[in-house]
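Remarks on the overall topology
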Amino acid sequence: MLQQLRELEQSALTELEAVNDAKELELWRVRYLGKKSQLTQALRGLAALPVAERKTAGARANQLKAELEAALGQKELVLRNSQLSVASEAGYFDVSLPGRPYPVGHLHPITQTIYEVCDIFASLGFQVVEGPEVEWDYYNFEALNIPEEHPARDSMSTSWVDFKAEGVRPMLLRTHTTSLTARMIEARKPPIRLVEPGRVYRYEASDATHSPMFHQIDGIAIDTGITMADLKGTLYEFARRFFGENRGVRFRCDYFPFVEPGVEMAIECTVCNGSGCRLCGHSGWIEILGAGMAHPRVLERGGIDPEVYSGFAFGMGIDRMPMLRHGIDDIRLFYNNDLRFLSQF
Amino acid sequence: MKVSLSWLKEYVDITLPPHKLAQRLTLAGNEVKGMQVVGGSWEFVSVGEITAINPHPNADRLRLVTVNLGTEETTVVCGAPNLRCDDKIAFASVGAQLYDGHSGKLSRLEPAKIRGVASRGMVCSEKELGISESHQGIMVLPEDAPLGMPLADYLGDVIFDLDITPNRADCLSVVGIAREVSALTGQGLHLPRADYAESAVPIDQQVSVSVIDPELCSRYSASLITGVKIGPSPAWLQQRLLAYGMRPINNVVDVTNYVMVEYGQPLHAFDYQRIRGGKIIVRRAEAGETLDTLDGTKRSLDDNMLVIADEKGAVAVAGIMGGAASEVSEGTTSILLEAANFNAASIHHTGSALRLPSEARMRFERGIRPELTVVALKRATQLISKLGGGEAAQGLIDVYPGRADHEPIRLSPGKLERVLGVGFSPEQITGALTALGFTCRTDADGDLWAAAPYWRGDIRHDGDLIEEVARIVGYDKIPMTLLSRPIPHQSPEPVFSLKRKLRGILVGYGFSEIVTYSLTSLELLRRLPMEPGSPDAEPLRMANPMTFEQEYLRPNLRANLLTTLAANRRHEDGGIRLFELGKVYLTRPKDLPEEPEVLCGLMSGPRLEHSWHGGDELFGFYDAKGVVEALLAHLGIAADFVESNDPALHNAKQAGIMVSGNKLGVIGELHPKVLTAFEITGPVCLFEINLAQLLNFTVGHRVFQPVARFPVVERDIALVLDEQVSHARVQEIITGFPLVAQVTIFDAYWGKQVPAGKKSLAYRIVFRSLEHTLTDTEVDKVQQKILTKLSRELGATLRS
Ligand SMILES: [Zn+2]
């Protein structure tokens, strides 16, 4: 037995000497100190030995175990140090080699813009709501003072859904998120302060500036005592935060059937800063959104008394904003989803 | 609507420079979207007169033309076919900027020697001056063109291109814009006098008009001019029509168009001789009635269309197009001139049914006022008599069943302030309205009563008055304030925040978000096999699809994602991780479709970026599963992955995501057949989650679990099992035992080391007690029980 242990010690230490890395060290540990190692078995076999022999052999085996464990610890330390020194002694550790790659994901620029705009309005007390894209003719048009023969319908060429059932009104793809404004006026009681982002659709062939599908955000604030000064102030605050402190903002009269007075807000052209260029049609201004004071008949139709409550509504195209900000010249890029495009944002 | 500055100046004094005027109009609601300066490049071009034409000594087709410029005479070489002595022409001296007659390029005129003769100047064509495309010959100016005057002073102009909003039919006219300019600038308005000699037989002895359907025709006015000579219009009239964008035809038709542009009232001229019985009947078309219109087309009419008929039948589609038979032609001598007011909706119906857009239709559709008919009729009668040399009949026919006067509307100054947030003085309010032609008076209560002028059809209540005041005073006079009322109560909208959270997580995992069209093609959808009866099988179709690629509302996100993946594969062979989070549209009977939000993602290609760190393994089933497990862990949801049979996915490599018996979605590798259909090489893994279901199980606030104070004990076991026994069953049994805190599978092996039909799974079990430090004996006991149960229930043996 003692002879056996001596041989074991010999071979273990010799082999340990030859160990060069952590992997080999682990193999060595299993072989000499593992559960199935000779030493462990020797220790288990002690019981079978005569008492006298058991004592000396037991002491020797335990001593050997401690010795080997110490050697193992020592070797571990040596290995770790040697690794460090290899690195430093190599003299040239190439930090310019690329790091281990982590994939980089990208949020779609349209989504980024929607979040940015919604966040600004959220800080002004507006809550985000979303609504149906396939819509009844009523909410998209009628409820907004746009009856069937209204010329305003011509400017919003409509995609109609092929859906006919008895007693069912015409169904369409909403041409503006204002349809949700009509729903909210009907569904909620003032005070109301909402923004409504989403997809909208037009019956239009696509080209660099037109897409049959694009995105809008509408907004509405209804309460007692809301004035056009509030409309201007709120939208100015939005423009200032989104487009920057120093960008000029202009309000002018425009017409939308569901508001009165009607307003268009424009910002100073982002390319020429107001001196006139092709992007802004040489006017120096770029239209950003349409707005106005909620039309009394629209409020009435939704069950809100226009003698008590007033409010303003606005709607803006989303796609245009990243186009202006990043100089994107073709709206279709948003929906082609080429990763070479998306990964730039 | 195009309006030239020179035309406007006939009706209103304009002192503002053109760009300032454009700005004022734009701010007040009539947007000037374009401005074209005619003659801006006409420096060195002036009015000249041809005094002599001599042959060129060296070329048969060229002439030597002597031009008198008032103070000097010069001779140039010219090849135009229409040279005539004494004609007034536009002469360009050296230095002028001219468009090349052929290439259209703008360049500076240089002295030249043409076939040996020096030529220092040029007689210009319209094209060379940029007036039109005409390069047939030189432009001949009217006889009274002042000799020597710079052409820019004589013909130069500014054309404003205005975007007229649908509510302002009155502004689809030069007079309408002039009224706006007058109100905005305070300059006087002077409209043309429409007087003429009424010398012929009274009209009512020659023409009768009856309006059968007064709903569709609120007013019908007519005049009669006899002895007219049809011929071309004078140059000034032709030029104005051209500048507006209309083609001159003959003096009569041109006058009807001119007055339409001038006043906004469409007119129609009939050849009186062709109106059988001298009778005009305004009625609905009869079923099956047809009319040959003047564009040479036979039109089928229906009984929702209004026609102008004579004794025998229809002679015109009211307000849309005249009939060929009663058209004014060269031989016409008597003109029956119509100015009528037709119902906007009816015109819209007829115009779209016949697919005839026109300037007249557009004006009727926007609702012009019936008061206009006689004003425009008189003006047109005057011009035709003058230009066509005819005699106007005495009187007019005026059938006016739809008379309605503008009632005054009350406006309290307090209401104006409540809407605008700023008060204006009574003088400011009355001043703005009066300038626009409103009649105003103030009552004893200090309220204002304003009646709209006859040409405004869009003023119906006090809100309209407030808008008029605001836009004339200027929106810039309204202050800016922030909402001062308390922020309204907000009810939670969890879907929006859930979507935002999911997007954030996936982007963090290296996914790129895509946004694809909601409309797609049936062909694309059919590339995915569908379970019979699934909503995918019956997508909602558009009634008027633009293209077949945009015909159906998508019932899933998969097709678009796969198309996007295939498109990106053309230039990217690395790992691609894509997701879309959006709506799908599922048909419902008698109602709007259901629009559930779905999260769908794809992973394909090498899992790691190809780099010096290595790594070329491809994405597979367990990558999709890993992403979903991590996503759910973020939301505090534990899911089971169960057998699934989605026909678009690989038969074996797919699983349903189940939470408490509800299916959240599915994961799997795409079926090879699907990959072939989309021309992608695989494997491609997919995950698809229904957001509404996900939201149901999202944990709002998690309950705190105490952190263990006592050390854990780890044990590794390697089991040999039948191949069909799933990891989930092993895990379930182990975790069922007390003290087991965690079970992790760290190895799975099939192959030579185990018997056929068997596999080996190795687990690390972590034991822990919250009360004390565990002893080996305690752990041994539990481990033994675990092994016994695994052996009894799953036939597991310990791997030796
Ligand atoms: Zn610009």
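Above this text sits the structure in question.
All values reported here derive from a predicted model rather than from experimental measurement.

Each value, and the rule that gives it
Residues numbered from 1 in each chain as written. Chains lettered and ligands numbered in written order. Predicted model: local features only at pLDDT ≥ 70, side-chain atom pairs only at ≥ 80, totals over all residues. Heavy atoms only, no water. Phe/Tyr/Trp six-rings, centres within 6.5 Å; stacked < 30°, edge-to-face > 60°. Helix = DSSP H or I, 4+ residues; strand = E, 2+ residues; numbered from the N terminus. Lys NZ or Arg CZ within 6 Å of the ring centre and 35° of its normal. Axes fitted to C-alpha atoms, helices over the stretch in contact; angles between N-to-C directions. Parallel < 35°, antiparallel > 145°, perpendicular 65-115°, else oblique. Left-handed = near helix turned anticlockwise from the far one by under 90°. Contact = heavy atoms within 4.5 Å. Nonpolar A, V, L, I, M, F, W, Y, C, P; charged D, E, K, R; others polar. Buried < 20%, exposed > 50% of the residue type's maximum accessible area, 1.4 Å probe, protein only. Pairing = 2+ DSSP bridges. Donors = N, O, S within 2.8 Å, 3.2 Å for Na, K, Ca; no water. Tetrahedral: all angles 85-135°; square planar, octahedral: opposite > 155°, others 65-115°. Arc of directions from axis to C-beta. 1 Å grid on protein atoms, 1.4 Å probe; cavity = no way out; pocket = protein on both sides within 12 Å on 5 of 7 lines; lining within 4 Å. Points joined across faces, edges and corners; volume = space filled by probe spheres on them.

**Observations regarding the packing of aromatic side chains**
Evaluation of the coordinates by the stated rule reveals 22 aromatic pairs over all chains. Ring geometry for A:Trp28 against A:Tyr32: centres 5.5 Å apart, planes inclined by 40°, an arrangement best described as tilted. A residue pair is termed a helical-turn pair when its members lie 3 or 4 positions apart in one helix, as A:Trp28 and A:Tyr32 do in helix 2 (residues 22-33) at four residues. Chaining the aromatic ring pairs together yields one cluster made of A:Phe121, A:Phe126, A:Phe238, A:Phe242, A:Phe243, A:Phe312 and A:Phe314. One cation-aromatic arrangement involves A:Arg169 over A:Trp136; the distance from NZ or CZ to the ring centre is 5.0 Å. One residue, B:Arg764, lies across the ring of B:Phe746, its end atom 5.8 Å from the ring centre.

**A few points about the packing of helix 20 (residues 727-735) of chain B against helix 21 (residues 776-794) of chain B**
Residue and element names in this part refer to chain B. Closest axis-to-axis distance for the helix 20/helix 21 pair is 10 Å, and the angle between their directions is 140°. By the angle between their directions, the pair helix 20 and helix 21 is classed as oblique. The handedness of the crossing between helix 20 and helix 21 comes out as right-handed. Here Arg729, Val730, Ile733 and Ile734 of helix 20 lie close against helix 21, whose contacting residues are Ile786, Lys789, Leu790, Glu793 and Leu794. Residues belonging to the contact of helix 20 with helix 21 are distributed by class as follows: six nonpolar, no polar and three charged.

**Points about the pairing of strand 24 (residues 335-342) of chain B**
Residue and element names in this part refer to chain B. Counting buried positions along strand 24 yields eight of eight residues, so the element is predominantly enclosed. The alternating pattern of strand 24 places Ile335, Leu337, Ala339 and Asn341 and Leu336, Glu338, Ala340 and Phe342 on opposite faces, both of which are buried. When strand 16 (residues 217-226) meets strand 24, the two strands line up antiparallel, connected through eight bridges. The partner of serine 221 across the bridge, within strand 24, is alanine 339. Note that strand 17 (residues 267-271) and strand 24 share five bridges and pair antiparallel. Across the sheet, residue leucine 267 finds its bridge partner in strand 24, namely alanine 339.

**Section: the coordination of the zinc ion**
Residue and element names in this part refer to chain A. Coordination of the zinc ion by the protein comes from Cys269 (SG), Cys272 (SG), Cys277 (SG) and Cys280 (SG), over a distance range of 2.2 to 2.3 Å. Each of the four donor atoms bound to the zinc ion contributes to angles spanning 102 to 114°, and the resulting shape is tetrahedral. Motif for the zinc ion, donor spacing along one chain: C-x2-C-x4-C-x2-C.

**A closer look at the side chain of A:His176**
Residue and element names in this part refer to chain A. By the secondary structure assignment, histidine 176 is in the loop between strand 3 (171-173) and helix 7 (178-187). Histidine 176 gets classed as buried once you look at its relative accessible area, which sits at 4%. Sequence-distant contacts of histidine 176, that is, excluding residues within four places in its chain, are made with Asn140, Leu144, Ile146, Met156, Val200, Arg202, Gln216 and Phe258.

**Description of helix 20 of chain B**
For helix 20 of chain B, the set of buried residues is B:Val730, B:Ile733 and B:Ile734. Down the axis of helix 20 of chain B, the smallest arc covering the buried residues is 95°, so these residues share one side.

**Here we look at the pairing of strand 15 (residues 208-211) of chain B**
Residue and element names in this part refer to chain B. Residues Val209 and Val211 of strand 15 are buried on one face, while the alternating residues Ser208 and Ser210, pointing to the opposite face, are not. As judged from the four bridges shared by strand 15 and strand 18 (residues 279-284), these two strands associate in the parallel manner. Looking at strand 18, one finds that serine 208 is bridged to lysine 279.

**Side note on the layout of surface pockets**
All names here are of chain B. Here the second largest pocket is characterised by a volume of approximately 1500 Å³. Forming the walls of the second largest pocket are 35 residues, and the residues nearest its centre are Tyr622, Lys625, Phe641, His727 and Ala728. Mapped by element, the contributors of at least two residues to the lining of the second largest pocket are helix 17 (621-635), strand 37 (640-642), strand 38 (649-659), helix 20, strand 42 (740-749) and strand 43 (758-767). Top element by residues in the lining of the second largest pocket is helix 17. It accounts for seven residues. When its residues are assigned to classes, the lining of the second largest pocket shows 18 nonpolar, nine polar and eight charged.

Geometric values such as these leave the question of function open.
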